[in-house]
Amino acid sequence: MKTNPTNPAKLPHMGTFIKNKIEEHNTTYAEIARRMNVHQSTIHGYFSQETLQTKVLWKLSQALNHNLFTDVIQFLPETLQNTNKTSFQQTIQTQQQEINDLKKEILIYKEILNKR
């Protein structure tokens, strides 16, 4: 499911969204209902809902073994999708630099040991 190009920040119809996700996972509605400990009619009821509670998405994510929240984030404008990513990327870059520095140190130590 893609965002609407004329309004990229438009919230997707969550009922349609989860119905598509369940079908993508080739899982029956009955199986999802069993995993969520609800009636199958409850699952079908979700499909008509424009919005869903976080608790429902949480349980559906667990039932599908798939992070639906990450998929929903993809509907946000890209500037909002990456707000937390910056600090994460900075941490990765810092750690990568530390790894590179440690690799250089190991090479130096190996050279010293080989000269003895």
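Refer to the preceding data block for the structure.
Just so it is clear, the structure is predicted and the values come from calculations on it, not from any experiment.

**Q** Give me the environment of Gly45: which residues, what numbers.
**A** Within the fold, Gly45 resides in helix α3 (residues 40-46). Owing to a relative accessible area of 27%, Gly45 belongs among the partly exposed residues under this scheme. The spatial distance from the C-alpha of Gly45 to the C-alpha of Gly15 is 8.3 Å, given a sequence separation of 30 residues.

**Q** Account for unusual backbone geometry, with residues named and values stated.
**A** Even without being a glycine, Asn26 presents a positive backbone phi close to 50 degrees. Residue position: Asn26 is located in the loop between α1 (14-24) and α2 (29-36). One non-glycine residue with positive phi stands out, namely Asn37, at about 60 degrees. Look at Asn37 and you get exposed, because its relative accessible area is 72%.

**Q** How would you sum up the nonpolar core? Please name residues and give values.
**A** Where a protein is soluble and globular, its nonpolar side chains tend to be buried together. Core analysis: the largest hydrophobic core is formed by 20 residues, its most contacted members being Ile18, Ile22, Ile32, Ile43 and Leu60. With five residues, helix α4 (residues 54-64) is the largest single contributor of residues to this core. With sequence-adjacent residues up to four places away left out, Ile22 is seen in contact with Thr27, Tyr29, Ile32, Ile43, Phe47, Leu60 and Leu64.

**Q** I'd like a description of the pattern of salt bridges, backed by residues and values.
**A** In total, this model carries four salt bridges according to the counting rule given. Salt-bridge contacts for Asp71 lead to Lys21; the nearest nitrogen and oxygen are separated by 3.2 Å. Taken together, the positions of Asp71 in helix α5 (residues 68-73) and Lys21 in helix α1 put the pair 50 residues apart, joining distant regions of the chain. Given the relative accessible area of 15%, Asp71 is considered buried. Residue Lys21 is classed as buried on the basis of its relative accessible area of 13%. Residues Glu31 and Arg34 are paired through a salt bridge, measuring 2.4 Å at the closest nitrogen-oxygen approach. With Glu31 and Arg34 both in helix α2 and three residues apart, this pair spans about one turn of that helix. A residue is classified by how much of its surface remains accessible, and Glu31, at 21% relative accessible area, is partly exposed. According to the relative accessible area criterion, Arg34 is exposed, its value standing at 56%.

Analysis parameters
- Residues numbered from 1 in each chain as written.
- Predicted model: local features only at pLDDT ≥ 70, side-chain atom pairs only at ≥ 80, totals over all residues.
- Heavy atoms only, no water.
- Helix = DSSP H or I, 4+ residues; strand = E, 2+ residues; numbered from the N terminus.
- Buried < 20%, exposed > 50% of the residue type's maximum accessible area, 1.4 Å probe, protein only.
- Core = buried A, V, L, I, M, F, W, Y, C linked by side-chain atoms within 4.5 Å.
- Contact = heavy atoms within 4.5 Å.
- Salt bridge = Lys/Arg side-chain N within 4 Å of Asp/Glu carboxyl O.

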